[in-house]
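Architecture at a glance
Take a look at the letters that make up each chain.
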Amino acid sequence: MNAPLRDALHAPVRDPLHAPVRDPMVPVPFRIEKVRRDLSDTFTMELVPEAGGEFAFQPGQFNMLYVFGVGEVPISISGDPADRSVLVHTTRAVGQVTEALDALKPGDSLGVRGPFGTSWPVESAFGHDLVFVAGGVGLAPLRPAIYQAMANRQRFGRVIVLYGARTPEDILYKKELERWRGRFDLDVLVTVDRATGKWGGNVGVVTNLIARGGFDPLNTTSFVCGPEVMMRYAAQALEKKGVDTGRIWVSVERNMKCGCGLCGHCQWGPHFTCKDGPVFRYDRVADLFQIREL
Amino acid sequence: MAQPNSKSTTPYLLDMDGLAALISALRRQGRQIVGPRLADDAVIYDDIETAADLPAGWGSEQAGGHYRLKRRDDNAVFGYGLAPQGWKRQLYPPRQKLFAARRQAGGFTVEPPPPPAPPLALIGVRACELAAIARQAKVFGDRAFADPGYQTRLSSAFIVAVQCAEAQATCFCASMGTGPEVTAGFDIKLTEVFVQKHHGFVAEAGSAQGAKLLKALKAPAAGPAEIKAAGVAVKNAARQNKHLDAEAARNLVAHPDHPRWDKVAERCLSCGNCTMVCPTCFCTTVEDVTDLKGDNAERWRKWDSCFTMDFSYIHGGAVRTETRSRYRQWITHKLSTWVDQFGEQGCVGCGRCVTWCPVGIDITEEAAAITGQERI
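The rules we used
- Residues numbered from 1 in each chain as written.
- Chains lettered and ligands numbered in written order.
- Predicted model: local features only at pLDDT ≥ 70, side-chain atom pairs only at ≥ 80, totals over all residues.
- Helix = DSSP H or I, 4+ residues; strand = E, 2+ residues; numbered from the N terminus.
- pLDDT = per-residue confidence, 0-100.
- Contact = placed C-beta atoms within 7 Å.
- Domains from an automatic or database assignment.
- Axes fitted to C-alpha atoms, helices over the stretch in contact; angles between N-to-C directions.
- Left-handed = near helix turned anticlockwise from the far one by under 90°.
- Nonpolar A, V, L, I, M, F, W, Y, C, P; charged D, E, K, R; others polar.

Some remarks on unusual backbone geometry
Working note: non-glycine residues mostly have negative phi, and peptide bonds are mostly trans. A cis amide bond links A:Gly114 with the next residue in sequence, A:Pro115, at an omega value of 0°. Examined against the element boundaries, A:Pro115 turns out to sit in strand E6 (residues 109-116). If you check the backbone angles, B:Asp41 has positive phi at about 60° while not being a glycine. Note on placement: B:Asp41 falls in the loop between strand E2 (32-39) and strand E3 (42-47). One non-glycine residue, B:Gln196, lies in positive phi territory at about 50°. Structurally, the position occupied by B:Gln196 is in the loop between strand E10 (188-195) and strand E11 (198-205).

This is how it looks when you write it as structure tokens:
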């Protein structure tokens, strides 16, 4: 760049001729080690880099997953951040690329770009009660934070997982939820919108579970992930309970083509959801939730 | 903005031969020369061979939804106003290959994009366009994730800026503080002047390589009459009928439910022309292609527009289904939220979105109406 223009930018621009930057748009091949079917349309894959090495990430971050010749989708990471040997993604097949992902088998390859985005600030909740509120497949982006919280269990007051699914058949990570519920240091409450079969548990929206309390509102941090409307009501319910809106965090979904602030698709008001989010502090975005078609 | 490299040397005076020699010298450096030329009933920025390709004697008449070429009564080569599209066509091409992937036993390999084409020389960059380049450079460079292709193309480009001598009816760079005076970001700055029927270019260097090149041309120093004429030209260009209250427009974000959004949506065709001609609009989508056997795949990046339904699509449907939401997104980003993102507004006042809107929607009128300063 010619010098005056560089100065006009007021910003240090890395000189690509001398210090090449890694192209954030080029994926790295990973191999599928394992695939587990969670629900009829939801599956969890374990991936390892083909070239070897580890994958480090923060809970709440996402990757762009590339299916050869088909396309790319942003999928949050659902594994344990303490285990860098394997990359775990839980995906619901709802579109062309996610259905193509669903068709891949162990031994197949896919491309990975990332990790991208902000993370659940687990450490900021040290000393607090920590309340996870999840809806549907929204439990997947929260799971790394739950793992991290459990690895530091003595740092928190109560740790509570409130989870809502459409029907008992839609409950994600069912076995794991049952295991967690068996622990003395973790409260797990599950509700379904519609009871089927032998379901004898809670029926109703997840906000009902918030209303029941069981945490100290003045000393609580909450991480909320699910459909946008569910997050809005959950945040309002937490606020009504007395939880400071600055201690509520949400994870927002928008169209993403690049994952790194270059393509413009994920803009939500002043934010690039991919790099200013997906995890936002609720009080900073509460107004945006109220604007239709933003 | 101050010129960090300016040693305030006396400007040179180039004649048409001098300009031709400048272009030849840049070509000898192995550069791809891009400048204004006549094509498709317009003056566009495209590859040029020599100074003879410049649109001598051609001007344009621009207004809301209106562009016509017109003959000038002089031989000015930079008297055409603005081309339909700015330099993002060259610096951030409409289609770029991101990578190629090749299927092989048990997986696939990824090949990064080919190295960029020869370095560019951009001839005829206006003040507003320099501002637009600087704004895009911030989007693509000043981030945790930079676009290496853009950085390479811009950092290796040689920029010959040309100061405007007159404004189009659609120009409002003076309102946005981006022109018409060229102050920074160039290698050589030209101002086209006519002094006693003598056609020439007052030439100043803005970088070391610009100074070296000008010196090698062995042109005479510009005289007081030419320097004065250059000053008059820029003053003329600063007389603009269109204005935008940039400060007030920053507040657009505070009016998401203004009734004017519905009014403008009645006119807006959601065609995306404004985003294609805007020199700062940077949104892109991607396209995956494979060969018939499915062994070779490529991923391409293409310019995209926030006016398409597909742009905001997530599982369950598009976020912005209505034209009002899409127009609101475009203008609010341009004048308001761009400031939150990059510290300045995304509009440089070039007026292209006004000229090339098929129904003549005027960003300055809409901003004024929504922020409560409608002019009669």
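Let's talk about the confidence of the model for chain A
Confidence in the prediction of chain A, expressed as mean pLDDT, is 92, and 93% of residues score 70 or more. Confidence over residues 6-21 of chain A falls short of pLDDT 50; this stretch has 31 contacts with residues more than four positions distant or in other chains.

Re the domain arrangement of chain A
For interface size, the figure often reported is the accessible area lost on association. All names here are of chain A. Taken domain by domain, chain A consists of domain 1 (28-116) and domain 2 (122-289). If you average the C-alpha positions of domain 1 and of domain 2, the two centres end up 22 Å apart. At the interface, 20 residues of domain 1 touch 21 residues of domain 2. Mapped by element, the contributors of at least two residues to the side of domain 1 that touches domain 2 are strand E1 (28-39), strand E3 (62-67), strand E4 (71-76), strand E5 (87-92) and E6.

Notes on the packing of helix H3 (residues 127-141) of chain B against helix H4 (residues 148-155) of chain B
All names here are of chain B. Where H3 contacts H4, the two axes come as close as 9 Å, and the packing angle between them is 145°. Every pair of crossing elements has a handedness; the one defined by H3 and H4 is left-handed. From H3, Ile133, Ala137, Phe140 and Gly141 reach across to H4, where they touch Tyr150, Gln151 and Leu154. The residue makeup of the contact of H3 with H4, split by class, is 5 nonpolar, 2 polar and no charged.

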